[in-house]
Amino acid sequence: MDFTLSNEQRSWQMTARKFAEEEIRPISLERDEIADPRETFDWEIIKKGSKLGFRTLAVPKEWGGHGTDFVTQALVMAELAKADSAISKTFSQCWKWSHLIAAACSEEQKRRFLKPFLEDDTFLLGKGISEPSAGSDNRLPPDDPKAGLKLRAERHGDEWILNGEKCFIANASVGKLFFIDARTDPNAPLRQGTTMFLVPRDTPGFRIGKVFNKDGWRFYQNGEMIFENARVPHANVVGPVNGSDMKTQQAGDRTGGDLFGDLELAANALGVCDDACGMALTLARTKKQSCARS
Ligand SMILES: Cc1cc2nc3c(=O)[nH]c(=O)nc-3n(C[C@H](O)[C@H](O)[C@H](O)COP(=O)(O)OP(=O)(O)OC[C@H]3O[C@@H](n4cnc5c(N)ncnc54)[C@H](O)[C@@H]3O)c2cc1C
């Protein structure tokens, strides 16, 4: 098997390396030391990275994006993570979910959401699955209808009314558009009773709660989402009602973005380890140990 990078892959890797060294590394530690997790975020770094293409990396070329492959995305991820693994994750959330718009949304939804996403350097994306009482069991859903996420969506004419909470959601406090999984049939098991919605930030009845503090990934804005009779138009349903999200997640054909989710975390960790090894080597080569005499 030939592992040689193409010129395009190499070019993205070098652009990401330069951006990480010149723009991210100088601000990373400073952001990490800010006490309030909401204040750690820096829009300037997002705008600069967006102009270089790091936000729109995964949008197919026919929609005006860069249409990069998995290898390129993993290379960029590892390079950005060397300087700050939370800033890299903030960008990669946009890769997963912009790709999901392109792969799973209707043409009308793509026009409505991909176009503004491409045009706005501050347009970030996220996806809400986890809830205060539903985590791992969403990934391995048992047949019990009581298991898994509880956020409820009920149809009223051309609208769906959403009630419930999500937690730990990446880009929650800074995103402009979110995929949200909600139970549309509480009597069916998760895979058959869940529907995926596109929820813009300014949806009536939808608000962000607290932003969680974390060690290491302090720039990353993981927050609570609160839905109190939030009104989402039926036109924002992605795929069929009941079962759509579980289908895309399990499909393994890249539509759900979840396949890249695992690769993304590995590439992120690789970048961090690579940088840690580099620092350790530098220290070992340059440190001068003096023996104290008694
Ligand atoms: C930084 C960060 C970012 C995140 N971003 C997002 C996001 O953008 N969107 C989103 O929806 N969620 C997000 N999450 C949530 C994440 O997906 C969940 O934390 C994860 O699914 C685990 O769920 P949990 O925390 O409820 O743990 P639990 O499900 O309570 O699991 C706790 C432990 O028990 C183990 N366990 C659970 N069930 C079983 C079982 N049946 N058998 C054996 N062991 C079991 C688990 O492996 C784990 O070790 C994020 C979390 C973090 C920390």
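Heads up: these notes are all about the structure in this document. The written sequence of each chain sets the order in which its residues are numbered from 1. Only residues with pLDDT of at least 70 get local features here, since the model is predicted, and only at 80 or more are side-chain atom pairs given and counted; chain-wide, interface and lining totals rely on the full set of residues.

### Here's the deal with the overall build of the protein chain
So, step 1. From N to C terminus, the protein chain includes eight helices and eight strands.
So, step 2. For a compact globule the rule gives 2.2 Å times the number of residues to the power 0.38, and the radius of gyration it is set against comes from C-alpha atoms. For 294 residues, the compact-globule estimate of 2.2 N^0.38 gives 19 Å, and the C-alpha radius of gyration of the protein chain, at 21 Å, lies within 12% of that figure.
So, step 3. Out of the 294 residues belonging to the protein chain, those deemed buried represent 44%.
So, step 4. Taking contacts inside the protein chain between residues at least 6 apart in sequence as the whole, the part at least 24 apart equals 71%. By definition, any uninterrupted DSSP run of H or I lasting at least four residues is a helix, any uninterrupted run of E lasting at least two residues is a strand, and each is numbered from the N terminus. Neighbour counting defines burial: a residue surrounded by 20 or more other C-beta atoms within 10 Å of its own C-beta is buried, one with 12 or fewer is exposed, and intermediate counts give partly exposed, using backbone-placed C-beta atoms. C-beta atoms are placed from the backbone for every residue, and two residues are taken to be in contact when these atoms lie within 7 Å.

### Quick notes on helix α1 (residues 7–32)
So, step 1. The span one expects for a helix is its residue count, reduced by one, times 1.5 Å. Across its 26 residues, α1 extends 35 Å between first and last C-alpha, which sits within 8% of the 38 Å expected from 1.5 Å per residue.
So, step 2. Approximately 50 degrees is the largest bend angle found in α1, and it occurs at I24, with the proline P26 only one to four residues beyond.
So, step 3. Buried residues of α1: W12, A16, F19, A20, I24 and S28, and no others.
So, step 4. The elements touched by buried residues of α1 are α2 (43–52), α3 (70–83) and α4 (85–104). We define the bend at any residue as the angle between the axes fitted to the seven residues before and including it, ending there, and the seven starting there.

### Some remarks on the pairing of strand β7 (residues 223–233)
So, step 1. Pairing analysis gives eight bridges linking strand β3 (residues 159–169) to β7, with the strands arranged antiparallel. The partner of E165 across the bridge, within β7, is I226. Note: two strands are recorded as paired if DSSP finds a minimum of 2 bridges between them.

### Description of the site of the ligand
So, step 1. We call a residue near a molecule or strand when its C-beta atom, built from the backbone, sits within 6 Å of it. In the region of the ligand, 13 residues are neighbours, and I129, S130, G135, S136 and A170 sit closest.
So, step 2. Looking at the shell around the ligand, the elements that each hand over two or more residues are β1 (125–128) and β3.
So, step 3. Residue contributions to the shell around the ligand peak at three residues, all from β1.
So, step 4. Here the residues of the shell around the ligand sort into five nonpolar, six polar and two charged. In this count, Pro and Cys sit with the nonpolar residues alongside Ala, Val, Leu, Ile, Met, Phe, Trp and Tyr, while Asp, Glu, Lys and Arg are called charged and the others, Gly among them, polar.

### Remarks on the packing of α1 against α3
Helix-helix packing: each pair is described by the crossing angle between the helix axes and the interaxial distance.
So, step 1. Helix axes use the C-alpha atoms of the stretch in contact, all axes being lines fitted to C-alpha atoms, and the angles between their N-to-C directions lie in the range 0 to 180 degrees. Two elements in contact, α1 and α3, have axes whose closest approach is 7 Å; the angle formed by their N-to-C orientations is 20 degrees. With respect to α3, the element α1 is oriented roughly parallel. Relative to α3, the crossing made by α1 is right-handed. Facing α1, whose interface residues are Q9, W12, Q13, A16, R17, A20, E21, I24, R25 and S28, α3 presents V71, T72, L75, V76, E79, L80, K82 and A83.
So, step 2. Residue composition of the contact of α1 with α3, by class: nine nonpolar, four polar and five charged. Orientation labels follow simple angle bins: below 35 degrees gives roughly parallel, above 145 gives roughly antiparallel, 65 to 115 gives roughly perpendicular, and whatever is left gives oblique. Should the near helix be turned counterclockwise from the far one by less than a right angle, the crossing is left-handed, whereas a clockwise turn marks it as right-handed.

### What to know about α4
Count 3.6 residues to each turn of an α-helix, and residues three or four apart come out pointing the same way.
So, step 1. The end-to-end C-alpha distance of α4, which contains 20 residues, comes to 28 Å, matching closely the 28 Å that a straight helix rising 1.5 Å per residue would cover.
So, step 2. Most of α4 is tucked away, with 18 of its 20 residues classed as buried.

### As for the pairing of strand β4 (residues 177–183)
So, step 1. Extensive coverage of β4 is indicated by the burial of seven of its seven residues.
So, step 2. Side chains of β4 alternate between two faces, with L177, F179, D181 and R183 and F178, I180 and A182 buried alike.
So, step 3. Where β1 and β4 come together, four bridges link them in parallel fashion. Of the residues in β4, the one forming a bridge with G126 is F178.
So, step 4. Where β4 lies against strand β5 (residues 194–200), seven bridges are found, and the strand directions are antiparallel. Its bridge partner being in β5, D181 is matched across the sheet by M196.

### A word on unusual backbone geometry
So, step 1. Residue F168 is not a glycine yet carries a positive backbone phi of 65 degrees.
So, step 2. Mapping F168 onto the fold places it in strand β3.
So, step 3. Residue classification places F168 among the partly exposed residues on the basis of 17 C-beta atoms within 10 Å.
So, step 4. Residue N229 is not a glycine yet carries a positive backbone phi of 50 degrees.
So, step 5. Mapped onto the elements, N229 comes out in strand β7.
So, step 6. Residue class for N229 comes out exposed when judged on the 11 C-beta atoms lying within 10 Å of it.

### Some details on the nonpolar core
So, step 1. Here a nonpolar core is just a set of buried residues of the types Ala, Val, Leu, Ile, Met, Phe, Trp, Tyr and Cys, joined wherever their C-beta atoms sit within 7 Å. In terms of nonpolar packing, the biggest core is built from 69 residues, with V76, L80, L162, F179, F197 and V238 touching the most fellow members.
So, step 2. For this core, the element with the highest residue contribution is α4, accounting for nine residues.
So, step 3. In this structure, V76 is in contact with W12, Q13, A16, F54 and L57, ignoring residues within four places of it in sequence.

### A few points about the environment of F197
So, step 1. For F197, the position within the fold is in strand β5.
So, step 2. When the 25 C-beta atoms within 10 Å are taken as the criterion, F197 is described as buried.

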